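# Coordinates in review
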Amino acid sequence: MTDNYRVVVLLSGSGTTLQAILDRQEQYCYQVVGVLSNRPDAHGLERASKAGVDTCSLDHKRFSSRESFDLELVKRIDEFKPDLVVLAGYMRILSRAFVKHYQGKLINIHPSLLPRHKGLNTYQSALDAGDKEHGTSVHYVTEELDSGSVVMQATLDITDVDTAKTLEQRVKVMEHHLYPKAIDWIASGRITIQNDAISLDKKPLGPQGYRISEKSIATAN
Ligand code: NHR
């Protein structure tokens, strides 16, 4: 199961998260075998090419419906024979059929401590709510947005001087550490999902998954 674990990444934008995933392939036991974008001009496609990874762009605007686009996307993804499909700044809501096809093999990273702050603008939402903590969650993708089982979370303490901008910067640093690690733990079989319940080394995890802190990341890097 180790070393030839095939990962396909979907993105829509600059690909900074993809870059973090690519940068750690050597030390971890997964391999990015394909990168797909719904936006032909996404810079993430160039990052993939530079790393020698095959790419595919499929412009959603050329399709008459979300369902027909997703059907073609499934075809293109499956040509890469993925073990895991990873959303990394992919900005199109995925249809029921797509999610069902990759059930248990499809993950996303969302910048909040789920189930808090689903949706967009999570940094401002956390500040407005007076939260003491914020962070990011790796979760399996289900039809309902930001609602699948949480695999891992990285947390930080919000300070008086934090703004949406500083929170975003700190969360991004944590994401670039957390997401490759989560993919590695899934690839190596340490993380498993059964009936929506996540286990690490066969021990069930709580609803917020395996948690690490900003401080522990600062010393680990
Ligand atoms: N699809 C499903 N079914 N479930 C999830 O949990 C998903 C998903 C697709 C993407 C990522 C999420 C994020 O990283 C994600 C999770 C885009 C939208 C959105 O509203 C929502 C959540 C996410 C990404 N997209 C608009 C749409 O009509 C388009 C917005 C745009 O193009 O800028 O698809 O934040």
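Below: a short report on this structure. None of the values given here were measured: they were computed from a predicted structure.

What follows covers the packing of helix α1 (residues 16–23) against helix α2 (residues 43–50). Packing of α1 against α2 leaves a shortest axis separation of 9 Å and a crossing angle of 15°. With respect to their mutual orientation, α1 and α2 come out roughly parallel. When the axes of α1 and α2 are compared, the crossing they make is right-handed. Of the residues in α2, those touching α1 at Thr 16, Leu 18, Gln 19 and Leu 22 are Gly 44, Arg 47 and Ala 48. Residues of the contact of α1 with α2, tallied by class, amount to three nonpolar, three polar and one charged.

Tallied over the full model, the rule gives four aromatic pairs. Where Tyr 28 meets Tyr 30, the ring centres are 6.2 Å apart and the plane angle is 40°; that geometry is what we call tilted. Accessibility expressed as a relative area gives 15% for Tyr 28, which makes it buried. On the accessibility criterion, Tyr 30 (2% relative accessible area) is buried.

Here we come to the pattern of salt bridges. Any two side chains of opposite charge can pair if their charged atoms end up close together. The full count for this structure, using the stated rule, is nine salt bridges. Arg 170 is the salt-bridge partner of Glu 214, the closest N and O atoms lying 2.7 Å from each other. With a gap of 44 residues between them, Glu 214 in helix α7 (residues 214–220) and Arg 170 in helix α6 (residues 164–187) connect regions that are remote in the sequence. With relative accessibility at 24%, the residue Glu 214 sits in the partly exposed group. With a shortest N-O distance of 2.6 Å, Arg 190 and Asp 201 are connected by a salt bridge. Of this pair, Arg 190 sits in the loop between α6 and β8 (191–194) while Asp 201 sits in the loop between β9 (197–200) and β10 (203–204), placing them eleven residues apart in sequence. Assessed through its relative accessible area of 32%, Arg 190 is described here as partly exposed. Judged by relative accessible area, which is 34%, Asp 201 ranks as partly exposed.

Calculation criteria
- Residues numbered from 1 in each chain as written.
- Predicted model: local features only at pLDDT ≥ 70, side-chain atom pairs only at ≥ 80, totals over all residues.
- Heavy atoms only, no water.
- Axes fitted to C-alpha atoms, helices over the stretch in contact; angles between N-to-C directions.
- Helix = DSSP H or I, 4+ residues; strand = E, 2+ residues; numbered from the N terminus.
- Parallel < 35°, antiparallel > 145°, perpendicular 65-115°, else oblique.
- Left-handed = near helix turned anticlockwise from the far one by under 90°.
- Contact = heavy atoms within 4.5 Å.
- Nonpolar A, V, L, I, M, F, W, Y, C, P; charged D, E, K, R; others polar.
- Phe/Tyr/Trp six-rings, centres within 6.5 Å; stacked < 30°, edge-to-face > 60°.
- Buried < 20%, exposed > 50% of the residue type's maximum accessible area, 1.4 Å probe, protein only.
- Salt bridge = Lys/Arg side-chain N within 4 Å of Asp/Glu carboxyl O.

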